[in-house]
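# Commentary on secondary and tertiary structure
As a plain string of letters, each chain reads:
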2 protein chains.
Amino acid sequence: MSQYLTINPKEIPTGKLFGYLTGTVTPRPIAFASTIDKQGNVNLSPFSFFNVFGANPPTMIFSPSRRVRGNTTKHTLDNVLEVPEVVINMVNYNMVQQVSLSSTEYPKGVNEFVKAGFTELKSEKVKPPRVGESPAAFECIVKEVIATGEGGGAGNLVICEVVLAHFKKEIFNELGQVDPFKMDAVARMGSNWYCRANGDKVFEVAKPLTTQGMGIDQLPEAIRNSRVLTGNDLGRLGNTEQLPTKEDIADFAANNIHLLSLKEQRLTEAELNLQLHYLAHDFLEQGKVEEAWKVLLQPVRFV
Amino acid sequence: MSQYLTINPKEIPTGKLFGYLTGTVTPRPIAFASTIDKQGNVNLSPFSFFNVFGANPPTMIFSPSRRVRGNTTKHTLDNVLEVPEVVINMVNYNMVQQVSLSSTEYPKGVNEFVKAGFTELKSEKVKPPRVGESPAAFECIVKEVIATGEGGGAGNLVICEVVLAHFKKEIFNELGQVDPFKMDAVARMGSNWYCRANGDKVFEVAKPLTTQGMGIDQLPEAIRNSRVLTGNDLGRLGNTEQLPTKEDIADFAANNIHLLSLKEQRLTEAELNLQLHYLAHDFLEQGKVEEAWKVLLQPVRFV
């Protein structure tokens, strides 16, 4: 039996497909979009079919898609077609319940800033106001609106150019870079699920070497086919350009307490290999790639 | 002094703007894109300027943007212009180091499936292969490629229609819905930061009422201006249509251990109010909105 469920989108109901797409294309950043209609009535609504797509010019797209049930359109879409401007406000954890409340389908003309208790700040370059509580807000001109279809669930690509950006100073570290832990962003997953980007679930991955790592295909076969090392371990090892020298490897064996203790045990070659892979795995989990190599390259008959 | 840093994108270097955008539009889902050139050479590369934008037709966009340094284009962009097909593979935690390795700038023609140790599975409706390790993979036809600019950092919108979707059965719960904890998705943040959507950082928010919650503007003033209740607390309270009856409130006071204990203390009206707000806050943090209302609506002279 296949381990996959394979689906032709044309052969299942749109609502069901929507569930699969929003469950697997995750986590999605949230555009908390402030718009106005011709009369100046303000609307504020969250959209997770959204992202940034380039920096020059700074381009963002969000999609107020047609509703699957009833095939109606959202006030945000009507508004940007009337007044092609929007402020895209970012959402952090402290705002999430109010943001959810603002997605209530209030009648046209209701101002969700008021209903959801957000602070209206005047924008400088566009007419819709921005959200005072947001850690970042982007005043945008709408360049184009592209309908991808006519039926329920069809997307409407609102292509925006950022003309002015506001960042709360509290999200920066002392070097002036955005600190993800201070940003405390919240994103959408499928169904009722949200994701808070913070705590131990935010982690760093060393950038690939500009000198080009050797790649997993160039790893020794015993490492590539290890029963202990994971894909993440191999990924870290493959991002290496230069292996430690024989001297470094010998030095390490003479001084590392774990290797010294392995030497004292009477292990078979297979047992020793296994123990070395476990030890290398531990080093890799800690991001200590060089140490892992020094373990893996030990001659197995090193006693 | 303003609490905001306000930036006109035209007045700062693109690289710096890129840092602000990728630091604040977070977390971004990752399209691990498999493409081929005219000769059939395979390329596999991750892009976080990506999302789903509609379900009918199922539409995804990713942007292999022009490099800020050197203004060169990526092999993925060259490929989709030659062969307008792509498989968008989703990324989970177990793959993240290999995915990062695959973003090494290997020379054209190098197959990152091989370099990064991924399994090539034959696609059914398009020519590029899909990634065997991915929890979900979308075979796509490229409908259009829109360049948003000519300079370094400019986005290239690769607009895709999903023609076949593959989901590993292990990501579904017993009801056939995607389980976010089994999906274990990984997303991009700014700089070297990634986010793993799992553990206690994944949480549910009750959908807004279709009957329309009262909104924060309709909450009693003492609640709206509480020094104890947070924005998230008010958001939950505002998502209420009907308040508990006087009988319910009295019943609750007669049986709730915390309220009974408050009654026994000789508190001033202000002290009692404060204690009630703390108690309501605790209930709201647990998602017990009805209980919170029963606390907040206690007559303050209830002894």
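Residues numbered from 1 in each chain as written. Chains lettered and ligands numbered in written order. Predicted model: local features only at pLDDT ≥ 70, side-chain atom pairs only at ≥ 80, totals over all residues. Heavy atoms only, no water.

### Things to note about the overall build of chain A
In terms of regular secondary structure, chain A is built from 11 helices and 14 strands. C-alpha extents for chain A along the principal axes are approximately 85 × 55 × 35 Å. Taken across its 303 residues, chain A has 57% of its residues classed as buried. Accessible area for chain A stands at about 13,100 Å²; split by element, carbon and sulfur atoms hold 48% of it. On chain A, the mean spot of the 31 positive side-chain charges and the mean spot of the 34 negative ones are 6 Å from each other. (Helix = DSSP H or I, 4+ residues; strand = E, 2+ residues; numbered from the N terminus. Buried < 20%, exposed > 50% of the residue type's maximum accessible area, 1.4 Å probe, protein only. Areas by Shrake-Rupley, 256 points an atom, 1.4 Å probe, with all protein chains shown as cover. Lys, Arg positive; Asp, Glu negative; His and termini not counted. Charge placed at Lys NZ, Arg CZ, Asp CG, Glu CD.)

### Quick look at the packing of aromatic side chains
What the rule picks out here adds up to 23 aromatic pairs over all chains. Among the aromatic residues, those joined into a ring-pair cluster are Y20(A), F138(B), F167(B) and F172(B). Between the NZ or CZ atom of R130(A) and the centre of the ring of Y4(B), over which it lies, the distance is 4.4 Å. In this structure, R196(A) packs its charged tip against the face of Y93(A), placed 3.7 Å from the ring centre. (Phe/Tyr/Trp six-rings, centres within 6.5 Å; stacked < 30°, edge-to-face > 60°. Lys NZ or Arg CZ within 6 Å of the ring centre and 35° of its normal.)

### Structural notes on the domain arrangement of chain A
Domain boundaries in chain A define domain 1 (9-201) and domain 2 (216-296). Put simply, the middle of domain 1 of chain A and the middle of domain 2 of chain A, counted by C-alpha atoms, are 47 Å apart. (Domains from an automatic or database assignment.)

### As for the pattern of salt bridges
This model, assessed by the stated rule, comprises 14 salt bridges over all chains. Note that E105(A) is salt-bridged to R67(A), the shortest N-O span being 3.0 Å. Of this pair, E105(A) sits in the loop between α3 (96-102) and α4 (112-115) while R67(A) sits in the loop between β6 (58-62) and α2 (75-82); the two residues are 38 residues apart in sequence, bridging distant segments of the chain. The partner of D200(B) in a salt bridge is K201(B), and the shortest N-O contact between them spans 3.4 Å. Taking the relative accessible area as the measure of exposure, D200(B) reaches 60% and is therefore exposed. (Salt bridge = Lys/Arg side-chain N within 4 Å of Asp/Glu carboxyl O.)

### Thoughts on the pairing of strand β13 (residues 193-196) of chain A
The sheet contact formed by strand β12 (residues 186-188) of chain A and β13(A) spans three bridges and is antiparallel. Paired with A187(A) across the two strands is C195(A), which belongs to β13(A). Where β12(A) hands over to β13(A), the hairpin turn is made up of four residues, of which S191(A) adopts a positive phi near 50°. The sheet contact formed by β13(A) and strand β14 (residues 202-204) of chain B spans three bridges and is antiparallel. Residue C195(A) lies in a different strand from β14(B), and its bridge partner there is V202(B). (Pairing = 2+ DSSP bridges.)

### What to know about the packing of helix α7 (residues 231-238) of chain B against helix α10 (residues 269-285) of chain B
Relative orientation and spacing of two packed helices are given, respectively, by the angle between their axes and the distance between those axes. Residue and element names in this part refer to chain B. Contact pair α7 / α10: the axes reach a minimum separation of 10 Å and the direction vectors enclose 75°. In terms of their interaxial angle, α7 and α10 are classed as roughly perpendicular. When α7 is examined against α10, the residues D233, R236 and L237 are found in contact with a partner set consisting of H281, L284 and E285. (Axes fitted to C-alpha atoms, helices over the stretch in contact; angles between N-to-C directions. Parallel < 35°, antiparallel > 145°, perpendicular 65-115°, else oblique. Contact = heavy atoms within 4.5 Å.)

### Considerations on the environment of L284(A)
All names here are of chain A. Within the secondary structure layout, L284 lies in helix α10 (residues 269-285). Take L284: its relative accessible area is 0%, and that puts it in the buried class. With residues near it in sequence (within four places) discarded, L284 still touches L229, D233, R236, L237, V289 and A292.

### Looking at α2(A)
Residues and elements named next belong to chain A. Those residues of α2 lying buried are T76, L77, N79 and V80. Here the buried residues of α2 occupy an arc of 160° about the axis, which is enough to place them on one side. Of the surrounding elements, those touching the buried residues of α2 are β3 (31-36), β4 (42-47), β6, β7 (85-89), β10 (136-147) and β11 (156-168). (Arc of directions from axis to C-beta.)

### Overview of the interface of chain B and chain A
Facing the 127 residues of chain B at the interface are 127 residues of chain A. Buried surface at the junction of chain B and chain A, both sides included, amounts to about 10,400 Å², of which 63% is carbon and sulfur. Interface area lost by chain B to chain A is led by Y4(B), F53(B) and Q97(B), which between them contribute 8%. At the junction of chain B and chain A, the tally comes to two salt bridges. Note that D217(A) and K115(B) form a salt bridge whose closest N and O atoms lie 3.1 Å from each other. Counting residues per element, the side of chain B that touches chain A draws most heavily on strand β11 (residues 156-168) of chain B, which supplies 10 residues. (Buried area = accessible area lost by both parts, 1.4 Å probe.)

### Section: the sheet that holds strand β2 (residues 28-29) of chain A
Judged by pairing direction, the sheet is antiparallel, and its four strands sit side by side in the order β2(A)-β12(A)-β13(A)-β14(B) without closing on themselves. The open sheet is flanked by β2 of chain A together with β14 of chain B, the only strands paired with a single partner.

### Re unusual backbone geometry
Of note, the amide linkage connecting T26(B) to P27(B) takes the cis form, showing an omega dihedral of -20°. Inspection of the secondary structure puts P27(B) in the loop between α1 (14-24) and β2 (28-29). Here the amide bond leading from N56(B) into P57(B) is cis, since omega sits at -5°, within 30 degrees of zero. Backbone geometry places D184(A), a non-glycine residue, at a positive phi of 55°. In this fold, D184(A) is placed in the loop between α5 (180-183) and β12. Residue D184(A) is classed as buried on the basis of its relative accessible area of 9%. With a phi angle near 50°, S191(B) is a residue other than glycine that sits in the positive phi range. Summarising the element assignment, S191(B) is placed in the loop between β12 (186-188) and β13 (193-196). Classification of S191(B) as exposed rests on a relative accessible area of 51%.

### Thoughts on the side chain of Q298(B)
Of note, Q298(B) is situated in the segment after α11 (289-296). From its side chain, Q298(B) meets the backbone oxygen of K294(B) in a polar contact 2.8 Å long. (Polar contact = N/O pair within 3.5 Å; in protein donor to acceptor, adjacent residues only side chain to side chain.)

### Focus: the relation of the copies chain B and chain A
Mapping chain B onto chain A is achieved by rotating through 180° and translating by 0.0 Å along the same axis, at an RMSD of 0.0 Å. Interpreted geometrically, this transformation is the action of a two-fold axis. The fraction of interface residues of chain B whose copies in chain A are also interface residues reaches 100%, indicating that both copies meet through the same surface. (Least-squares fit on C-alpha atoms with pLDDT ≥ 70 in both.)

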